[in-house]
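One-letter residues, chain by chain:
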Amino acid sequence: MRLNKIVKIIATLLCVVIYAHAQKPEYASLPAWYNDYDVKFYKIDVEADNKNANIKGRVDIIAEMQKSGLESFILDLSSKVSVDSVRVNGKRALFQLANDELSIRTPATRKGDMYTISVFYQAGQDKDNGFFTAVSSEKDFRWDIDVTWTLSEPYNAKRWFPCKQYLPDKADSAYIFVTVPKHLKAGAPGVLSAVTPMPGNKSRYEWKTRYPVAYYLLSFTVSD
């Protein structure tokens, strides 16, 4: 009984902390570009292990344009993330990452057009946000094993992958592919559709969900 009370107190305090964090000025108003497009699909395809919080790979986003005449496509992404290149519908595109926004040059849009944006990038542990670290790698005290895991809620998804941090705009579906050393496993939302052998004695865990999903629920964990 006493344990249940302690758990309830901890849960309540955590909710208070999350609420206070969400009231910060940076989240007080929504960017105008949130109305530019509707996210349909995310594919996160990264490499990770359980010894550090460094990840690298690509994210593909399929979106339907809601406006005509736009010449840029903007995503939420921490300025501390390293972007190697960007492609729009398979073609290399100019981009700029500043103030936690990734702005990508596109051909002039037409309402209803479908765009595939591919971002090739690298990210690491960002401790500036205190408890709300997007990617953590640590020793789990309960089982004494090394674990790497992500925490996107409430506004930390942009610290480890490019996205649109707008709760009403749920993706229709999402893939999360995580390549890890062969002795490890990777978990993520959805159904495990395959485990594919990869070069360098690695395995790729391919998780897929075909239900509407909010940006902050996309996640993964890597361990033994």
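Presented here is an overview of the structure given in this document.

Cut-offs and rules
- Residues numbered from 1 in each chain as written.
- Predicted model: local features only at pLDDT ≥ 70, side-chain atom pairs only at ≥ 80, totals over all residues.
- Heavy atoms only, no water.
- Pairing = 2+ DSSP bridges.
- Helix = DSSP H or I, 4+ residues; strand = E, 2+ residues; numbered from the N terminus.
- Axes fitted to C-alpha atoms, helices over the stretch in contact; angles between N-to-C directions.
- Salt bridge = Lys/Arg side-chain N within 4 Å of Asp/Glu carboxyl O.
- Buried < 20%, exposed > 50% of the residue type's maximum accessible area, 1.4 Å probe, protein only.
- Contact = heavy atoms within 4.5 Å.

**Focus on the sheet that holds strand β3 (residues 72-76)**
The strands making up a sheet associate through hydrogen bonds between their backbones, and the pairing can be parallel or antiparallel.
So, step 1. Reading across the sheet, the three strands line up as β3-β7-β6 and stay open at both edges, with antiparallel pairing between neighbours. On the outer flanks of this sheet lie β3 and β6 (95-98), each paired with one strand and no other. The average angle at which neighbouring strand axes cross in this sheet is 15°, direction not considered.
So, step 2. Relative to strand β7 (residues 101-105), β6 runs antiparallel, the two being bridged by four bridges. If you follow A98 over to β7, its bridge partner there is E101.

**Observations concerning the pattern of salt bridges**
So, step 1. For the structure on display, the rule yields ten salt bridges.
So, step 2. Put simply, D36 and K67 hold a salt bridge, and the shortest N to O gap is 3.5 Å. Here the residue D36 occupies a position in the loop between α1 (2-22) and β1 (37-47), and K67 occupies one in the loop between β2 (55-65) and β3, the gap between them amounting to 31 residues.
So, step 3. A residue is classified by how much of its surface remains accessible, and K67, at 35% relative accessible area, is partly exposed.
So, step 4. With a shortest N-O distance of 2.6 Å, D146 and K51 are connected by a salt bridge. A residue pair is termed long-range when its members are at least 10 positions apart, and D146 in strand β10 (residues 145-150) and K51 in the loop between β1 and β2 qualify at 95 residues.

**Section: the environment of S193**
So, step 1. Note that S193 resides in strand β13 (residues 191-198).
So, step 2. We classify S193 as partly exposed; its relative accessible area is 40%.
So, step 3. Taking the C-alpha atoms as reference points, S193 and K208, 15 residues apart in sequence, are found 6.6 Å from one another.
So, step 4. When near neighbours in sequence (up to four residues on either side) are disregarded, S193 contacts E206 and K208.

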